[in-house]
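Structural features, examined
Letter by letter, the chains look like this.
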Amino acid sequence: MPSDTAEELLANIQGLTLERAQQIGDQIDECRQLLDANIDMDTVQQHLKDKGVSIIQAILITTRLLNDDHPSKLRSARYIVEGSPARTHSTDWGAPAGGVA
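What you see is a predicted model; the values in this text were computed from it and never measured.

With respect to the nonpolar core
With 19 residues, the main nonpolar core has Leu9, Ile24, Ile28, Cys31, Leu48, Ile61 and Leu65 as its most contacted residues. If you list the elements that add at least two residues to this core, you get helix H1 (4–12), helix H2 (18–36), helix H3 (41–50), helix H4 (55–65) and helix H5 (73–83). If you tally residues by element for this core, the top one is H4, at six residues. Ignoring anything within four residues of it in the chain, the contact list for Leu65 reads Ile28, Cys31, Arg32, Leu35, Met41 and Val44.

Spelled out as structure tokens, the structure:
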């Protein structure tokens, strides 16, 4: 049986499989628990990056972490993810660790 979060994803995002919705739902729920434990959003973003979550998926997850009445949730989530130290100091944009492509 899918979690409430996975059911919400399935209802609102076309093309997700139940398995994928549950995986993303679990990540959302895990991040909510971190935020509830007073972990800051930059640390949550680092956690997602460390787990191999792509930027696009991190934006999806982050939209679900913002308050329902938050204006411009997608724009805000993009700003949070793309501006987080976890993503701005990244070397995984296509160049090898030595910095030479």
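Quick word on H5
For H5, the complete set of buried residues consists of Ser76, Ala77 and Val81. Buried residues of H5, viewed axially, fall in a sector of 125°; they line one side. For H5, exposure combined with an orientation more than 90 degrees from the buried face picks out Arg75 and Tyr79. Looking at the buried positions of H5, the neighbouring elements they touch are H3, H4 and helix H6 (85–88).

Thoughts on the pattern of salt bridges
What the rule picks out here adds up to four salt bridges. Here Lys51 makes a salt bridge to Glu30, at a shortest N to O gap of 3.8 Å. With Lys51 in the loop between H3 and H4 and Glu30 in helix H2, the pair connects residues that are 21 residues apart, well separated along the chain.

Some details on H4
Most of H4 sits out of view: 10 of its 11 residues are buried. Burial in H4 covers these residues: Ile55, Gln57, Ala58, Ile59, Leu60, Ile61, Thr62, Thr63, Arg64 and Leu65. Looking at the buried positions of H4, the neighbouring elements they touch are H1, H2, H3, H5 and H6.

Concerning the packing of H3 against H4
Each pair of packed helices can be described by the angle between their axes along with the distance between the axes. Running from N to C, H3 and H4 cross one another at 145°; their axes reach a closest spacing of 11 Å. Relative to H4, H3 is oriented so that their crossing is right-handed. For the pair formed by H3 and H4, the contact residues are Met41, Val44, Gln45 and Leu48 on the first element and Ala58, Ile61, Thr62 and Leu65 on the second. Tallied by class, residues from the contact of H3 with H4 come to six nonpolar, two polar and no charged.

Calculation rules
Residues numbered from 1 in each chain as written. Predicted model: local features only at pLDDT ≥ 70, side-chain atom pairs only at ≥ 80, totals over all residues. Heavy atoms only, no water. Core = buried A, V, L, I, M, F, W, Y, C linked by side-chain atoms within 4.5 Å. Buried < 20%, exposed > 50% of the residue type's maximum accessible area, 1.4 Å probe, protein only. Helix = DSSP H or I, 4+ residues; strand = E, 2+ residues; numbered from the N terminus. Contact = heavy atoms within 4.5 Å. Arc of directions from axis to C-beta. Salt bridge = Lys/Arg side-chain N within 4 Å of Asp/Glu carboxyl O. Axes fitted to C-alpha atoms, helices over the stretch in contact; angles between N-to-C directions. Left-handed = near helix turned anticlockwise from the far one by under 90°. Nonpolar A, V, L, I, M, F, W, Y, C, P; charged D, E, K, R; others polar.

Without other data, these values stay purely geometric and don't point to any function.
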